[in-house]
Amino acid sequence: MKCRICGSKDLKKILSLGNTPLANSFLSRDELKKEEKKFPLEIFFCSGCSLVQLGIVVGPELLFRNYVYVSSTSGTFRMHFAKMAEEISSSFNLDEKSLAVDVGSNDGILLKGFRMMNVQTIGVEPAANVARIAEQDGIETINDFFGRESVDEIIRRKGHADIVTAANVFAHIDDIRDVVENVKHLLKKEGIFVIEVQYLVDMIEQMTFDNIYHEHLSYFALIPLVHFFRMHGMEVFDAKRVGSHGGSLRVFIKKLESSHAVRGSVAEILDYEKRLGIGDFGLYAEFAGKINDTKKEFVSGIRLLKSQGKSIAAYGAPAKSTTLLNFCGIGADCIDYIIDDSPLKIGLYAPGTHIPVVSSKMLDEDRPDYVVILAWNFAKEILEKTRKYAEKGVKFIIPLPEFKIVG
Ligand code: JHZ
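A.B. asks: Sorry, what's going on with the site of the ligand here?
C.D. replies: Neighbouring the ligand are 26 residues, the closest being Tyr 69, Glu 215, Lys 320, Asp 341 and Lys 385. Here a nitrogen atom of the ligand and a side-chain polar atom of Tyr 67 are 3.0 Å apart. Take Lys 320: an N or O atom from its side chain is 2.6 Å from an oxygen atom of the ligand. Relative to its unbound accessible area of 730 Å², the ligand is 97% covered by the protein chains. Breaking the shell around the ligand down by element, the ones donating at least two residues are helix 11 (319-328) and helix 13 (379-385). It is helix 13 that provides the largest number of residues to the shell around the ligand, a total of three residues. By residue class, the composition of the shell around the ligand is 10 nonpolar, nine polar and seven charged.

A.B. asks: In this structure, what is going on with the sheet that holds strand 2 (residues 39-46)? I would like to understand it.
C.D. replies: Adjacent strands of a sheet form backbone hydrogen bonds with each other and so pair up, either parallel or antiparallel. Spatial strand order, 1-2-3-9: four strands in an open sheet with antiparallel pairing. With partners counted over all chains shown, the strands left at the sheet margins are strand 1 (11-20) and strand 9 (218-219), one partner each. Where strand 3 (residues 52-54) lies against strand 9, two bridges are found, and the strand directions are antiparallel. Residue pairing for strand 9: Val 52 is matched across the bridge by Tyr 219. In the packing of helix 10 (residues 281-307) onto the sheet, the strands contacted are strand 1, strand 2 and strand 3, and the crossing angle to strand 1 comes to about 20 degrees.

A.B. asks: Teacher, can you tell me more about the pattern of salt bridges here?
C.D. replies: Pairing between side chains of opposite charge can happen when their charged atoms approach one another. Across all of its chains, the model carries 29 salt bridges by this definition. Between Glu 190 and Lys 189 there is a salt bridge, and its shortest N-O distance comes to 3.4 Å. The partner of Lys 254 in a salt bridge is Glu 235, and the shortest N-O contact between them spans 3.6 Å. Residue Lys 254 is found in strand 11 (residues 248-255), and its partner Glu 235 is found in strand 10 (residues 234-242); the two are separated by 19 residues along the sequence.

A.B. asks: Any chance you could explain the packing of helix 5 (residues 148-158) against helix 6 (residues 176-186) here in plain terms?
C.D. replies: Geometrically, a packed helix pair is captured by the angle between its two axes and the distance between the axes. Viewed as axis vectors pointing N to C, helix 5 and helix 6 meet at an angle of 10 degrees, and their least axial separation amounts to 10 Å. Judged by the angle between their axes, helix 5 and helix 6 are roughly parallel. Facing Arg 148, Val 151, Asp 152, Ile 154 and Ile 155 of helix 5, the residues of helix 6 in contact are Glu 181, Asn 182, His 185 and Leu 186. Residues that form the contact of helix 5 with helix 6 fall into these classes: four nonpolar, two polar and three charged.

A.B. asks: In this structure, what is going on with the nonpolar core? I would like to understand it.
C.D. replies: It is characteristic of soluble globular proteins that their nonpolar side chains tend to be buried jointly. One finds Phe 170, Phe 193, Leu 222 and Phe 229 to be the most contacted residues of the largest nonpolar core, which totals 137 residues. No other element matches the nine residues that helix 10 contributes to this core. With residues near it in sequence (within four places) discarded, Leu 222 still touches Tyr 199, Val 236, Ala 239, Leu 249, Val 251, Val 266, Ile 269, Leu 270 and Glu 273.

A.B. asks: It is not clear to me how helix 9 (residues 264-276) should be interpreted in this structure. Could you clarify?
C.D. replies: Since the α-helix packs 3.6 residues into each turn, any two residues three or four apart lie on the same face. For helix 9, with 13 residues, the first-to-last C-alpha span of 19 Å sits near the 18 Å given by 1.5 Å per residue. Structurally, helix 9 contributes buried residues whose contacts are with helix 7 (200-206), helix 8 (222-231), strand 10 and strand 11. Among the residues trailing helix 9, Gly 277 stands out with phi positive, at a value near 95 degrees.

Cut-offs used in this document
- Residues numbered from 1 in each chain as written.
- Predicted model: local features only at pLDDT ≥ 70, side-chain atom pairs only at ≥ 80, totals over all residues.
- Heavy atoms only, no water.
- Near = heavy atom within 4 Å.
- Polar contact = N/O pair within 3.5 Å; in protein donor to acceptor, adjacent residues only side chain to side chain.
- Areas by Shrake-Rupley, 256 points an atom, 1.4 Å probe, with all protein chains shown as cover.
- Helix = DSSP H or I, 4+ residues; strand = E, 2+ residues; numbered from the N terminus.
- Nonpolar A, V, L, I, M, F, W, Y, C, P; charged D, E, K, R; others polar.
- Pairing = 2+ DSSP bridges.
- Contact = heavy atoms within 4.5 Å.
- Axes fitted to C-alpha atoms, helices over the stretch in contact; angles between N-to-C directions.
- Salt bridge = Lys/Arg side-chain N within 4 Å of Asp/Glu carboxyl O.
- Parallel < 35°, antiparallel > 145°, perpendicular 65-115°, else oblique.
- Core = buried A, V, L, I, M, F, W, Y, C linked by side-chain atoms within 4.5 Å.
- Buried < 20%, exposed > 50% of the residue type's maximum accessible area, 1.4 Å probe, protein only.
- Expected span 1.5 Å × (residues − 1).

Spelled out as structure tokens, the structure:
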């Protein structure tokens, strides 16, 4: 095993979260009868460049060709991406002559924002079912993985890009060197590459360890990213922390020869990471200990309620709930069903635990004592839409960063 960024073999194991199923492999009733594939979920720290990464790579064809995750299910997210497109368009003076390309464009959530700003758009999305949703919404989408072929197709159809974005997708790619080479080929001289990744610092500070699953091959801090882009002829010139997914980092990258000035934010964030100990294995050993404590707290909180005869449901069937529930061993014996508003997940069963995923209508028919908000990053939005049940006595549980009962 070698580090994805620097090739070092000096990788130290931080923690094993056991053998878990793929986070988005929700099962149909028929599939419940078959044996479910499980893979070791282990994270490592690279002593060479400080990149935190998974020990194994599950093939992207298995993970991403048919995908149940549709970004626009959450209103909070629709707003987040509309604002991102607006901010980038005005900061970099994009107009109707500019081209924005989104890598892993899902249902077109970010490109719709660019379209609102009159910028030309095209997406690249490997999941055929999700790319179709984007096309139906008028977002031109190439149904493929991002690579030399799709890049040449974009250039043929639209020309070179002013901006390439990759939101919640850079951590999913094994060969990120290949991505960078293709991004450089696609961008104009002054064009920029913007990535948004879940931020390792937030994962450690907010205990959002359930974001560890097989889709996420890398857990990025800015230190290894700056090093990585420099190795491949690009430069990080701005970075900012944003709230999505429990805390993410938006990173702006330019070609070396372009004229964008490097902002002070880069040095500030690098300095913060150094002080936190991002390059020091001790930080991760401590993190691993806290993960085990958080697990104990979640398990005992749920088991205590069950021992008191309480009924428990859950809201939100995000990918991360596969990690939380499987790692903690909380299954259908504790949680009766999971409500999700995505039509792609309703009617399926959660990976590993086989808890049924149902629509929100269930809350009208059944009145559970407790509802665990598994999509805790959207707790505010979910609590707002379920207020009438809270008023009738349903209590809500936010599992992370610490087990908390609200309402
Ligand atoms: P959400 C996804 O992870 C998948 P997930 C992916 N692998 C990734 O990398 C990360 O994002 C970054 C539901 N919900 O966004 C919708 C409601 O039902 O936290 C989703 O199933 N009603 C690409 O899956 C889930 O919750 C609602 O009102 O962990 C949220 O999933 C809201 C707000 C959400 O990402």
